[in-house]
Every structure is written in structure tokens, then in C-alpha cells.
Amino acid sequence: MDKEIQQIRDDLANKLENAFSVDKIDQLYLQYFSKKHGIITQLIKDLPKLATDQKKIYGPALNTLQDEFKQKLDEKKKKLIQNSIEDPSIDLTYAEKPLNSGMLHPTTQVIREMNTFFRYYGFSIAEGPEIETAEYNFRKLNLPEDHPATDLQDTLFIKEPDILLTTHASSVEARVLTDYDPPIRVAFPGKVFRNETVNTTNGSFFHHYQGVVVDKGTTIQNLKATLTDFHKFLFGDDVVIRFRYKYYPEVSPGMGTDMICQFCGGNGCNVCKQRGWIEVLGSGMIHYNTLKMCGIDPEEYTGFAFGMGLDRLVMQKFNIPDIRKLYGGGIVYA
Ligand SMILES: [Zn+2]
């Protein structure tokens, strides 16, 4: 027993000398003095098992050991805390700058919100390649080789005239219609590229969000109902919208959707260029030829498609005045 007590005393003294943090001191305290498993606590608990003469010797010895080291641990802990406060390299009054924590890009946030809406309506979400063939980007969308839209100077070619950077998300529509059998209900957010001069509102790439539905008996009423609900979801229940005829080669009839300018209530302002309305998206019933070229029988099935540019929407929603800021990498917003 003498040896054992001496051993504990030496061990603890050694550990105490090499403990340089408050945490370490707390650990030692628990190791030796915790009520349940402390090494010294246990020896004191076992005292009643000893013979009376032994008790008389070891009782006081263990108590002394306990008192002595509890005090030493306590003193060292106080000293460590005091040192850390007095350390000149630590200034406890220094006001730390708040960290900039990462978050989703505004465009990603809007895309995810829209995905939520369309998933609720039973749409799947699809993505397509950014490098596309002219066949999917133009031909299958009722844009034959000599069509003026395919001759636009704003296409960025990887290898002229067949391999290009996709100029609109409709190329995904062509892929979906070609690869899947109806009924089809798919929405697709995507990055598109144009050979444009970069300024505050135009970039060389931007984002489209499109969707397509093909089924037996799909009518323009289904399209209008879907778009009406979509505008309410994006801009609130009191949004006022109108549909008007527009030409897009891959649909017939084509339909543009405007909403009353949120800034002037329809009276005309700079944002709406005095029109009172803001164009949100383009849509229409999928052209007979488009369905046919994608391998869907246009006599049996009808469908609608819609699409919109996302960037200006995101800029309005987050009050970002310059598209270069939106994709500049240094975007900070509250
Ligand atoms: Zn306005």
C-alpha cells in the first residue's frame, strides 16, 4: 500500500508538471478525483475493507494525498487562466470581423425555387449538354438550315457549322422529345451562350428556364393555367398578366406573357421602358414539325413549351444592377 500511494503521488506530480492547459488539468482532476471512478477516490472508498491498524495508517495518508493534489491542481489551473489573460499576444477586447459565410448563388436559389414549383406540378427536372450539335440546337426545333434564326451572328461555334455552344435551352427540349415517349412533363434550367458584347444587362452567357409538356389532348388552356399559376408563385397572388401572340419558330401558335410592371403598377416607368408591362416569358403550342422531327406522332399528341431568361429576373429580385456583378465572383448581398 505504501508503494502504491507513492506510485500515485509520483505519477500525478509528473502529469501535473506536464499539464499546460486548463483542459488537461480538468482531465487529471476527473481521472483521480471523480466520484465514481477517480483513482484516489476509489482507494478511499476501499478503506473500510482494511484491518483497523492499517486504516489508522492509510486513512490519514490518503486524505493528505487527496487534499494536497486537489490544491495543487486548483493552483495550477488558476495560474494557467491568469497567464492566458496576461499574455500580451491575446487581446480579449479585439473586435473580430464577422466571417463571410458561403451561401447559394442568387441564380441557383431562383432555379431551385422554380424547380420546387414545377415538381409540385409533376414535372421532372432535366439538364442537357452545353456543347450541342446544330441538329438539336436548330433543326429539330423547326429551324431548317436556311432559316434566318440559324444564321445569327451571335452563335458561338466550337466547330462550324455543326458543333456549337447551346444558344437556348430549347436544345434540351429537342433531346427530351427525342429520347422519351409521351406523356412528357419536364422542366430544364440551363446555361446558354451568345456571341454578344458584354455590358450591364447582356453577358456572353446567361440562364434559361424552360419546360415542355406533351400528352394526348393537351391544349393552350393547359398552358395558360400552368403559366398563370407560375406567375402567382413567382410574384404573388395579385399579379396581373396578359397573353399576346408572338412568333417563335418551334411553336404554333406562339404566346408571350407580360405582367404589369411591379414598380409603376402599369403607369409606365424606366424599368418597363414606359410600357407598363414587363415581358416575362415566351411560350406556345409545340409546332407540328417539331414533334414530328423529334419522333412524336403529331396526329396523336399535342404539347406546349415555355421558356424565359432568368438573369434579369434574378437581378430584379436581388436588386443587382449589373449582370457582370452577378457572375463576377465578388457578389455580396444581404
Ligand atoms: Zn413600370
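These notes cover the structure that comes with them. For every chain, the first residue of the written sequence is number 1, and numbering continues from 1 along that sequence. It should be noted that, the model being predicted, local features are given only for residues of pLDDT at least 70 and side-chain atom pairs only at 80 or more, the latter also being counted only at that level, while totals for whole chains, interfaces and linings use all residues. Side-chain metrics in this entry use all non-hydrogen atoms of the structure; hydrogen atoms and water are not considered.

### Observations concerning the sheet that holds strand E3 (residues 157–159)
Part 1: Pairing between strands is defined by DSSP: at least two bridges between them are needed. Elements are defined by DSSP. Helices are runs of H or I of four residues or more, strands are runs of E of two residues or more, and each kind is numbered from the N terminus. The sheet built from three strands is open, its strands ordered E2-E4-E3 with antiparallel pairing. With one partner strand each, in any of the chains shown, strand E2 (131–133) and E3 form the two edges of the open sheet. Taken over all neighbouring pairs, the strand axes of this sheet differ in orientation by 35° on average, direction set aside. In this analysis an axis means a line fitted to C-alpha atoms, helices contributing only their contacting stretch, and an angle means the value between N-to-C directions, from 0 to 180 degrees.

### Here we look at unusual backbone geometry
Part 1: Here the amide bond leading from Pro 182 into Pro 183 is cis, since omega sits at 0°, within 30 degrees of zero.
Part 2: Of note, the amide linkage connecting Ser 252 to Pro 253 takes the cis form, showing an omega dihedral of -5°.
Part 3: Although it is not a glycine, Gln 274 sits at a positive phi angle of roughly 65°.
Part 4: Following the sequence through the fold, Gln 274 ends up in the loop between strand E8 (251–260) and strand E9 (277–286).

### Side note on the pairing of strand E6 (residues 205–215)
Part 1: Within E6, nine of the eleven residues are buried, leaving the element largely enclosed by the surrounding structure.
Part 2: In terms of strand pairing, strand E5 (residues 184–193) meets E6 through ten bridges, oriented antiparallel. Its bridge partner lying in E6, Val 192 is registered against Phe 206.
Part 3: Note that E6 and strand E10 (residues 302–309) share eight bridges and pair antiparallel. In the strand pairing of E10, Val 214 is matched with Gly 303. Burial classes follow relative accessibility: with a 1.4 Å probe on protein chains only, a residue under 20% of its type's maximum area counts as buried, one over 50% as exposed, and anything between as partly exposed.

### Quick word on the nonpolar core
Part 1: Nonpolar core, defined: a set of buried Ala, Val, Leu, Ile, Met, Phe, Trp, Tyr and Cys residues in which side-chain atoms within 4.5 Å join the residues together. Grouped together as the largest cluster of nonpolar side chains are 31 residues, with contacts concentrated most on Met 114, Phe 118, Tyr 209, Phe 230 and Leu 310.
Part 2: For this core, the secondary structure elements donating two or more residues are helix H5 (106–120), E6, helix H8 (220–235), E8, E9, E10, helix H10 (311–318) and helix H11 (323–326).
Part 3: Broken down by element, this core gets its largest block of residues, five residues, from H5.
Part 4: Among residues more than four places away in sequence, those in contact with Tyr 209 are Ile 111, Met 114, Asn 115, Phe 118, Ile 125, Ala 187, Phe 188, Pro 189, Phe 306, Gly 307, Met 308 and Leu 310.
Part 5: Grouped together as the second largest cluster of nonpolar side chains are 23 residues, Ala 126, Val 186, Cys 294 and Ala 305 included. Contacts are residue-level and defined by heavy atoms, with any inter-residue pair within 4.5 Å sufficient.

### What about the packing of H5 against H10?
Part 1: At their nearest, the axes of H5 and H10 sit 10 Å apart, and the two run at 105° to each other. In terms of axis orientation, H5 runs roughly perpendicular to H10. Contacts between H5 and H10 pair Pro 106, Thr 107, Gln 109, Val 110, Glu 113 and Met 114 from the former with Leu 313, Val 314, Lys 317 and Phe 318 from the latter. For classification purposes, an angle smaller than 35 degrees is called roughly parallel, one larger than 145 roughly antiparallel, one from 65 to 115 roughly perpendicular, and anything else oblique.

### Concerning the pattern of salt bridges
Part 1: What counts as a salt bridge is simple: a side-chain nitrogen of Lys or Arg found within 4 Å of a carboxyl oxygen of Asp or Glu. Per the counting criterion, the structure on display carries eleven salt bridges.
Part 2: Residues Lys 78 and Asp 74 are paired through a salt bridge, measuring 3.8 Å at the closest nitrogen-oxygen approach. Remark: Asp 74 and Lys 78 occur in helix H4 (residues 52–86); sequence separation between them is four residues, near one turn of the helix.
Part 3: Across the salt bridge formed by Lys 216 and Glu 300, the nearest N and O atoms sit 3.3 Å from each other. With a gap of 84 residues between them, Lys 216 in the loop between E6 and H8 and Glu 300 in the loop between helix H9 (288–293) and E10 connect regions that are remote in the sequence.
Part 4: Taken together, the salt bridges that share partners define one network made up of Arg 242, Arg 244, Lys 246, Asp 258 and Glu 279.

### What about the environment of Pro 60?
Part 1: Here Pro 60 is to be found in helix H4.
Part 2: For Pro 60, a relative accessible area of 46% translates into the label partly exposed.
Part 3: Counting along the chain gives 18 residues from Pro 60 to Gln 42, while the straight-line C-alpha distance between them is 15 Å.

### Examining the sheet that holds E6
Part 1: In spatial order, the strands read E1-E5-E6-E10-E9-E8-E7; together these seven strands make up an open sheet with mixed pairing. With one partner strand each, in any of the chains shown, strand E1 (124–125) and strand E7 (241–245) form the two edges of the open sheet.
Part 2: By the bridge criterion, eight bridges tie E8 to E9 in an arrangement that is antiparallel. Of the residues in E9, the one forming a bridge with Ile 260 is Trp 277.
Part 3: Strands E5, E6, E9 and E10 of the sheet are contacted by helix H7 (residues 170–179), whose axis makes an angle of about 30° with E6.

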